[in-house]
Amino acid sequence: MTLEEGARPRGHRRKPKKKSHGGKAALGSTAFLLAAVSGWFTVGPGNAEPRVTAAGVPDRPLPDGPSGATPSADPVQAKADQRTEQPAADRSDRGDGTFAAIPGIGPKFAAQIPADTRQLLVATGKAADASETAVVLWTRTADNRWKPGATWQGHNAYKGWTAAGDKKQGDLRSPIGVYALTDAGGRKADPGSKLPYDQDKAFVIGGTGFNGEQLAGSFDYVVAINYNRVPGTSPLSTKYPMGVGRGGGIWLHVDHGGPTHGCVSLPEAQMVELIKALDPAAKPAIVMGDAASLAS
């Protein structure tokens, strides 16, 4: 969540999932492909700060008071099928569609990918100051190559991206970097997660976003991104190892049709698919940032 759009998270205990020791994790489809391959959303940021109501907000100061907004329908469902097909095999250096190295990931970030990570979510922002993101789930094969899933369109923060070391609470930027994915949750019931899943009514948000879109339902499904958080805790935990001033509650969550305060969002159907696919045995992680930064 980023204490971003609306829920004052609270730490509490939940029953962990049993570790999966199966073979290769199934990859429904997720996705990073280069901006040239992705077919970006054209959703321009609005000019006004969103009004939110909830128990607290990811990665932003709490609002002065309730907005009084009464959210109605969840806006993300209409975008649930906005995705592209798997990249053509001829983009690969081999006929099976696998890659020796993930396109668009330069040596700086490639070196940060853990050697035991076999599921890598790549979220590539359109530009350093843009809020549109393409997301792909890549799987490492037995011969140490990478196979992509489909490309999904989503959003990142309103003001774009920032280096992790420069990230500040409320700066309306998503942190660039490589982070583990260890914990999931949401307001709705567990859809079949292999990660520990915390269903809690505290995953709630109301009001409107930067483009005037309703925020209701954004936290129905979330996956915590391990930036400034304690792995193995609920996404609602407020334990910030680097301090509150560095921001926290950075999540993958349901897209509401506009920029976030720091999180990465995907349509609801893709969030469900992602939660089902991520396998702790595959040491899942995310590489996230604008395209130019990730290529460095």
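It should be noted that the structure appears before, not after, this text.
Quick notes on the rules
Residues numbered from 1 in each chain as written. Predicted model: local features only at pLDDT ≥ 70, side-chain atom pairs only at ≥ 80, totals over all residues. Heavy atoms only, no water. Salt bridge = Lys/Arg side-chain N within 4 Å of Asp/Glu carboxyl O. Helix = DSSP H or I, 4+ residues; strand = E, 2+ residues; numbered from the N terminus. Buried < 20%, exposed > 50% of the residue type's maximum accessible area, 1.4 Å probe, protein only. Pairing = 2+ DSSP bridges. Polar contact = N/O pair within 3.5 Å; in protein donor to acceptor, adjacent residues only side chain to side chain.

1. Thoughts on the pattern of salt bridges
- All told, the structure shown has eight salt bridges when counted by the stated rule.
- With its nearest N and O atoms 3.0 Å apart, the salt bridge here joins D183 to R229. Taken together, the residues D183 in the loop between β7 (174-180) and β8 (184-186) and R229 in the loop between β11 (222-224) and β12 (251-254) connect sequence positions 46 residues apart. Accessibility classification places D183 together with R229 in one group, the buried group.
- For D220, the salt bridge is made with R187, and the minimal N-O distance between the two is 2.8 Å. One end of the pair, D220, is in the loop between β10 (206-208) and β11; the other, R187, is in the loop between β8 and β9 (197-199), with 33 residues separating them in the sequence.

2. Considering the pairing of strand β3 (residues 132-140)
- Of all the nine residues making up β3, nine are buried; the element is thus mostly covered by neighbouring parts of the structure.
- Along β3, one buried face is formed by E132, A134, V136, W138 and R140 and the opposite face, lined by T133, V135, L137 and T139, is buried too.
- Direction of pairing for strand β2 (residues 119-125) relative to β3: antiparallel, over a ladder of seven bridges. Across the sheet, the residue bridging to T124 is A134, located in β3.
- Where β2 hands over to β3, the hairpin turn is made up of six residues, counted between the paired strands.
- Two elements, β3 and strand β4 (residues 146-148), share three bridges in a ladder whose sense is antiparallel.

3. Let's talk about the environment of D143
- Mapped onto the elements of the fold, D143 is located in the loop between β3 and β4.
- Taking the relative accessible area as the measure of exposure, D143 reaches 43% and is therefore partly exposed.
- Separated by 43 residues in sequence, D143 and A100 place their C-alpha atoms 9.5 Å apart.
- Among the polar contacts listed, one links the side chain of D143 to the side chain of R94, at a separation of 2.9 Å.

Purely geometric stuff here, so don't read any function into it on its own.
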